[in-house]
Amino acid sequence: MAAGYLEILRTRHAARLLVGTLTGRLPNATAAIAVVLFVRAEGGGYSLAGALTAVYGVATAAGQPLLGRAVDLHGQPRVMLPASVASALGMAVLAFSGIDPVAVAYAAMVVAGFCTPPLEGGLRALWPSVLTRQDQVHTAYAMDAIAQEVMFTVGPLLVTLGIALWSPATALVAINVLGVLGALSVVLSEPSRAWRSAPREAHWLGALRSTGLLALLGSFFFVGLALGAIIVAASAYADDHGRDAVYGWLMAANGLGALLGGLVYGARQWAGTPEKRLISLVALLAVGYLPLMLVPGVVPMVGLAVVSGLFLAPCIACAFIVVDRHAPRGTVTEAFSWLVTAFGVGTALGTAVAGPAVELGGSAASFAVAGGGGAAALLVLLTTRRVLAAPGRTESVAAVDQNDPTRAAEPGFS
């Protein structure tokens, strides 16, 4: 199973790009917990902490596709590094100025969120230029999804370790310094410096003029909603069972399921078109959410949490392929960034909806929101399957046209 992943990691530049991207994304992966802990240490309440975190999330969602479009137009180094530095400076302002005046804290969150570099979309745009075979690209997408699960598990641990060793403010700054170093490692690499997006047709909608991409974004908005609901529902379930550690067990189990599912999915080649495969995977994901509404005892609930996560990483990995097939020429980074945004906005809405659901019907009702999100994601794909079945480009064309580093650079690039 591990042979395919090891083959990719032994490929020149691959390990550096993966590690650099994950390091560069640490500030975004840890922002929620880092900001909450910092605000609480400064004497602020949970309302202010939640509001600042929400502002950061909305700003990130707004900035990702715009910065992704800028990368497609101007190349990765000219956008990624300045954005990373600006985002880190925003967090540094919060760390050094504190929460008073509060207007400065909000402004810092807007800058830090909006300027978050689109490293996630950028890495997926680079894979076809680094790897020699299309099947390796598919495996790399799965490996990327697996690495995300590891990052979102390890990241919060790094924050708490930094706070224990130094202080919340120092930990906040340190994580963002690591983020800049990660982005620097990526943009100084040969593939990033050489990458050029294909010439694009001028259109104000950019990647969003693809109806297939819009269908995918609609589906993954609801996948994000389901995941956001699970985050809140797991917390409510832990409260019902009187142990804070239960929340950690449930989320770790969900992450373990995604990790296992991603490992299996990426270790083999799959027949059929990725669009049809995605429908099947989302159906399995939706079915996996339904048993959570049973809210059994802790041990079986942990088992159900593993099952609920099994198909998340495969869904994400398959979605990467579908995005690449449907993105209009010259918009690949922007298209990947839109997927990140749709998923993130859905997650935020899921947490917002799950809160009232808990108050009305307990943790079971909140898990029902997750089940409804999974069902809605599947319904979107089923109702738009004709659109999804007609990608604007084939996978092989995408691999060459969008990511060929040997193609002549456009004027103005160096």
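Details of the structure are given in the entry above.
Asks: What is the right way to look at the packing of helix H11 (residues 211–240) against helix H13 (residues 274–289) in this model?
Replies: Axis angle and axis distance: for two packed helices, these are the angle between their axes and the distance between the axes, and together they describe the pair. Where H11 meets H13, the closest approach of the two axes is 12 Å, and the angle between their N-to-C directions is 20°. Classified by the angle their axes make, H11 and H13 are roughly parallel. With respect to the hand of their crossing, H11 and H13 are arranged in left-handed fashion. Across from Leu-216, Phe-220, Val-223, Ala-226 and Ile-230 in H11, the residues of H13 making contact are Leu-278, Leu-285 and Tyr-289. The class makeup of the residues in the contact of H11 with H13 is 8 nonpolar, no polar and no charged.

Asks: Explain empty space enclosed by the protein here, please?
Replies: Rolled over the atoms, a probe sized like a water molecule indicates the empty space that remains. In the structure shown here, the tally under the stated rule is 2 cavities of 30 Å³ or more. There is about 90 Å³ of room inside the largest cavity. Forming the walls of the largest cavity are 13 residues, and the residues nearest its centre are Gly-24, Pro-27, Ser-84, Ser-87 and Pro-117. Contributing elements (two or more residues each) for the lining of the largest cavity: helix H3 (26–41), helix H5 (77–97) and helix H9 (168–187). Grouping the constituent residues of the lining of the largest cavity by class yields 5 nonpolar, 7 polar and 1 charged.

Asks: Help me understand the nonpolar core, please; the structure alone is not making it clear to me.
Replies: Considering soluble globular proteins, one finds that nonpolar side chains tend to be buried as a cluster. One finds Trp-127 and Phe-220 to be the most contacted residues of the largest nonpolar core, which totals 114 residues. Here the element with the most residues in this core is H11; it accounts for 15 residues. In this view, Trp-127 contacts Ile-8, Ala-14, Leu-18, Val-137, Ala-140, Tyr-141, Met-143 and Asp-144; residues no more than four positions away in its chain are not counted.

Asks: Which parts of the structure should I look at to understand helix H16 (residues 332–383)?
Replies: Side chains that are three or four residues apart share a direction in an α-helix, a result of its 3.6 residues per turn. Across its 52 residues, H16 extends only 25 Å between first and last C-alpha, which sits more than 12% below the 76 Å expected from 1.5 Å per residue. At Gly-361, H16 shows its largest bend, some 135°.

Asks: What is the right way to read the packing of helix H2 (residues 14–24) against H9 from this model?
Replies: Running from amino to carboxyl end, H2 crosses H9 at an angle of 150°, the nearest separation of the two axes being 7 Å. With respect to H9, the element H2 is oriented roughly antiparallel. As H2 packs across H9, the resulting crossing turns out to be left-handed. On the side of H2, the interface is formed by Arg-16, Leu-17, Gly-20, Thr-21, Thr-23 and Gly-24, while H9 contributes Leu-178, Gly-179, Gly-182, Ala-183, Ser-185 and Val-186. For the contact of H2 with H9, the residue count by class is 4 nonpolar, 7 polar and 1 charged.

Asks: What am I meant to see in unusual backbone geometry here?
Replies: Excluding glycine, residues mostly have negative phi values, and the peptide bonds linking residues are mostly trans. The peptide bond linking Asp-100 to Pro-101 adopts the cis configuration, its omega dihedral lying at 10°. Positioned with a positive phi, His-13 is a non-glycine residue whose angle comes to about 80°. With respect to the helices, strands and loops of the structure, His-13 is situated in the loop between helix H1 (3–10) and H2. Non-glycine residue Val-295 carries a positive phi angle of around 35°. As for its position among the elements, Val-295 is in the loop between H13 and helix H14 (298–309). Classification of Val-295 as partly exposed rests on a relative accessible area of 26%.

Thresholds applied
Residues numbered from 1 in each chain as written. Predicted model: local features only at pLDDT ≥ 70, side-chain atom pairs only at ≥ 80, totals over all residues. Heavy atoms only, no water. Axes fitted to C-alpha atoms, helices over the stretch in contact; angles between N-to-C directions. Helix = DSSP H or I, 4+ residues; strand = E, 2+ residues; numbered from the N terminus. Parallel < 35°, antiparallel > 145°, perpendicular 65-115°, else oblique. Left-handed = near helix turned anticlockwise from the far one by under 90°. Contact = heavy atoms within 4.5 Å. Nonpolar A, V, L, I, M, F, W, Y, C, P; charged D, E, K, R; others polar. 1 Å grid on protein atoms, 1.4 Å probe; cavity = no way out; pocket = protein on both sides within 12 Å on 5 of 7 lines; lining within 4 Å. Points joined across faces, edges and corners; volume = space filled by probe spheres on them. Core = buried A, V, L, I, M, F, W, Y, C linked by side-chain atoms within 4.5 Å. Buried < 20%, exposed > 50% of the residue type's maximum accessible area, 1.4 Å probe, protein only. Expected span 1.5 Å × (residues − 1). Bend = angle between axes of the 7 residues up to and from the residue.

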